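Descriptive structure summary
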Amino acid sequence: MTTLRKHIDAHFDEELFRVKERLAIMGRLVELQVRAAIAAFLQRDAKRAAAVVEGDREVNQLERDIDEHCVRTLALRQPAGSDLRFVAATLKIVTDLERIGDLAVSTARQSRSRDDVSLQTFHRLSELAETALTTLRTSLDCFLQGDAARARTVIAADGQMAKEVAYLTADLGAEMTREPALVANGLAALMVAKHIERMFAHATNIAEMTIYTTSAQDVRHIT
Amino acid sequence: MATAAGLRTQGLDVHYGTFHAVKNVSVTIRERCLTSLIGPSGCGKSSLLRAFNRMNDLIPGCRTSGVVEVNGARIYEGGTDIQALRRRVGMVFQRPNPFPLSVYENVAYGPRIHSTAKGLALDEVVKRCLIAVSLWDELANDLEQSALLLSAEKMQRLCIARALAVEPSVLLMDEPCSSLDPGATMRIEQLMRDLSSRYTILVVTHNMQQAARISDETGFMLLGELVEMGPTADLFTQPRDKRTEDYVTGRYG
């Protein structure tokens, strides 16, 4: 883990700490949004789905706040080295978090596309979402703590989600083939699975940005 | 115009009495590039700069050892013509220091004492140098006015023109913008960039943003050592050495 000395100007440390604090809040909020969206979809809970849509405003506001902080830091501090990489990475990470928030909204909205009948595969959506959320939490913790070694383990597990989604897609297809009445629900579940896969990709982006920030190494698009 | 030169040191040490100002520095300054030296006060960057035209020789108690090359020639070996060296390696200082003479005479001074031009040829040299520093359009009809009446920025431009008049291949600049306001600084920086396509320029600056803006390469010095030298973008975004990282991020001290 990287431990940096304090800046000569302690205010700069405080400013960067405030950015980290907001990122942690945004990450936690996005996590709650995803969890609520999956529940809204699985339980076909319109009220909860509406709450997710409403909650996205707060996610968007945090994105604007953090962006503004970063731009101000660039303009007023002209950071260099690891500070510059931290600010540049933060600007990307807020976008990843905001996109995960958008995907939570899309997931919640899928609850309107299904009826009361559950498919056997539905429970696997919860498991996939938990995997994506664990990855998100780990990646963001790594970024906030400057832990590149742990971030590399996140990236190493990158391919697993795509496999799980492929299995789920095949099983959903089989279920829909057996019972054509389930097609509407199956298609909605497919959409949700794809949203979760995208959430996972955004979470691994954060792990990649951790490595960039701590080691000045760009590991994007290597595999 | 003069041809460009590269600078090189090998195992350079500079002492002032018992103080070891530059410690075993080996560096190559690329031809026709703008290279900046950054580092805290007393780190040895001005001493390194002054080694390239033997200005350190003028400081009592200064001892220099190691190899220093300008254009491939070892300048600390016996037989080096110091006057010729300083013609090849021009210098611009922190505070503009025009002579108390006219604009024309300031630029003509060097070619006159070195007998490199006179008469109409000297007029041409003055014109060419004032064009190079973007002063000709303003001062063409006022060449006899005292240089001391110019603004600080124009004085500094004039000093650069004066350095160019003896057809150097290298320009050494020691904090050339530190006494200028931000607008003048930007214009001098642009001039430095323009000149770097024809001259090898080595700049000492305390202003890291200036080094980042103008330099092709940047070196970081600390306690007499050249800690790191490389492309400017790399040094400011992904420094290799922890000491450079601490300095460019404001963690030094």
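Every value quoted in this text rests on a predicted model; they were computed, and no experiment measured them.

Bringing the overall build of chain B into the picture now. Counting its regular elements, chain B contains ten helices and ten strands. When its C-alpha atoms are laid out on the principal axes, chain B stretches across 55 × 45 × 30 Å. Across the 253 residues in chain B, those meeting the buried criterion constitute 47%. Considering only intrachain contacts with a sequence separation of at least 6, the fraction spanning at least 24 residues in chain B is 69%.

Moving on: the confidence of the model for chain B. Residue and element names in this part refer to chain B. In the predicted model, chain B carries a mean pLDDT of 93, and 98% of its residues have values of at least 70. Of the regions scoring below 50 in pLDDT, residues 1-5 engages in 18 contacts with residues more than four places distant in sequence or in other chains. The ipTM value of the predicted complex is 0.78, and its pTM value is 0.85.

In this section: the sheet that holds strand E7 (residues 170-174) of chain B. Residues and elements named next belong to chain B. Judged by pairing direction, the sheet is mixed, and its six strands sit side by side in the order E6-E7-E8-E3-E9-E10 without closing on themselves. The sheet terminates laterally at strand E6 (89-92) and strand E10 (225-231), the two strands that pair on one side only. Each strand axis lies, on average, 20° off the axis of its neighbour in the sheet, ignoring direction. Examined bridge by bridge, E6 and E7 share four bridges and lie parallel to one another. Each residue of the ladder has a partner; that of valine 92, found in E7, is methionine 173. Contacting E6 and E7, helix H6 (residues 152-164) crosses the sheet at an angle of about 170° to E6.

Residue and element names in this part refer to chain A. Examined against the element boundaries, histidine 195 turns out to sit in helix H7 (residues 183-215). Owing to 27 C-beta atoms within 10 Å, histidine 195 belongs among the buried residues under this scheme. When neighbours within four sequence positions are excluded, histidine 195 is seen to be in contact with Leu103, Ser106 and Thr107.

What follows is about the packing of helix H3 (residues 103-113) of chain B against helix H4 (residues 119-132) of chain B. Residues and elements named next belong to chain B. The geometry of H3 relative to H4 is characterised by a closest axis approach of 9 Å and an angle of 115° between their N-to-C directions. Judged by the twist between their axes, the crossing of H3 over H4 is right-handed. Along the contact surface, H3 presents Tyr104, Val107, Ala108 and Pro111, while H4 presents Leu122, Val125, Val126, Cys129 and Leu130. Among the residues forming the contact of H3 with H4, the class breakdown is nine nonpolar, no polar and no charged.

Each partner contributes to the interface: chain A provides 16 residues, whereas chain B provides 13 residues. Element by element, the count of residues in the side of chain A that touches chain B is highest for helix H3 (residues 81-109) of chain A, at five residues. By residue class, the composition of the side of chain A that touches chain B is seven nonpolar, four polar and five charged.

Residue and element names in this part refer to chain B. Judged by pairing direction, the sheet is antiparallel, and its four strands sit side by side in the order E2-E1-E4-E5 without closing on themselves. The two strands at the open ends of the sheet, each matched to only one other strand, are strand E2 (19-29) and strand E5 (73-74). Of the pairings in the sheet, the one linking strand E1 (residues 7-16) to E2 comprises seven bridges and is antiparallel in character. Among the inter-strand pairings, leucine 12 is bridged to a residue of E2, identified as valine 25.

A word on the nonpolar core. Phe52 and Ala161 of chain B are the most contacted members of the largest nonpolar core, which has 124 residues in total. Of all the elements, H7 of chain A adds the most residues to this core, at 13 residues. Those residues within four positions of phenylalanine 52 of chain B in sequence are excluded, and the remaining contacts are Leu7, Val68, Val70, Val89, Val170, Leu172 and Leu202 of chain B.

Residues and elements named next belong to chain B. A large share of strand E3 (residues 34-38) lies buried, amounting to five of its five residues. Residue alternation in E3 divides its side chains into two sets, Leu34, Ser36 and Ile38 and Thr35 and Leu37, and both sets are buried. The sheet contact formed by E3 and strand E8 (residues 200-204) spans four bridges and is parallel. From the neighbouring strand, leucine 34 faces E8, where its bridge partner is isoleucine 201. Here E3 runs beside strand E9 (residues 217-222); their pairing, made up of four bridges, is parallel. Bridged to threonine 35 within E9 is glutamate 217.

Residues and elements named next belong to chain B. Residue position: methionine 155 is located in helix H6. Judged by local crowding, methionine 155 falls into the buried class, with 21 C-beta atoms found within 10 Å. As for methionine 155 and phenylalanine 99, which are separated by 56 residues in sequence, their C-alpha atoms are 9.9 Å apart. Not counting residues up to four positions away in its chain, the partners in contact with methionine 155 are Pro96, Pro98, Ala147 and Leu150.

Right, let's get into unusual backbone geometry. At glutamine 78 of chain A, a position not held by glycine, the phi torsion is positive, near 45°. Within the element layout of this structure, glutamine 78 of chain A appears in the loop between helix H2 (46-77) and H3. Accessibility expressed as a C-beta count within 10 Å gives 14 for glutamine 78 of chain A, which makes it partly exposed. Phi angles above zero are rare outside glycine, and asparagine 24 of chain B is one such case at about 50°.

About the criteria used
- Residues numbered from 1 in each chain as written.
- Chains lettered and ligands numbered in written order.
- Predicted model: local features only at pLDDT ≥ 70, side-chain atom pairs only at ≥ 80, totals over all residues.
- Helix = DSSP H or I, 4+ residues; strand = E, 2+ residues; numbered from the N terminus.
- Buried ≥ 20, exposed ≤ 12 C-beta atoms within 10 Å, placed from the backbone.
- Contact = placed C-beta atoms within 7 Å.
- pLDDT = per-residue confidence, 0-100.
- Pairing = 2+ DSSP bridges.
- Axes fitted to C-alpha atoms, helices over the stretch in contact; angles between N-to-C directions.
- Left-handed = near helix turned anticlockwise from the far one by under 90°.
- Nonpolar A, V, L, I, M, F, W, Y, C, P; charged D, E, K, R; others polar.
- Core = buried A, V, L, I, M, F, W, Y, C linked by C-beta atoms within 7 Å.

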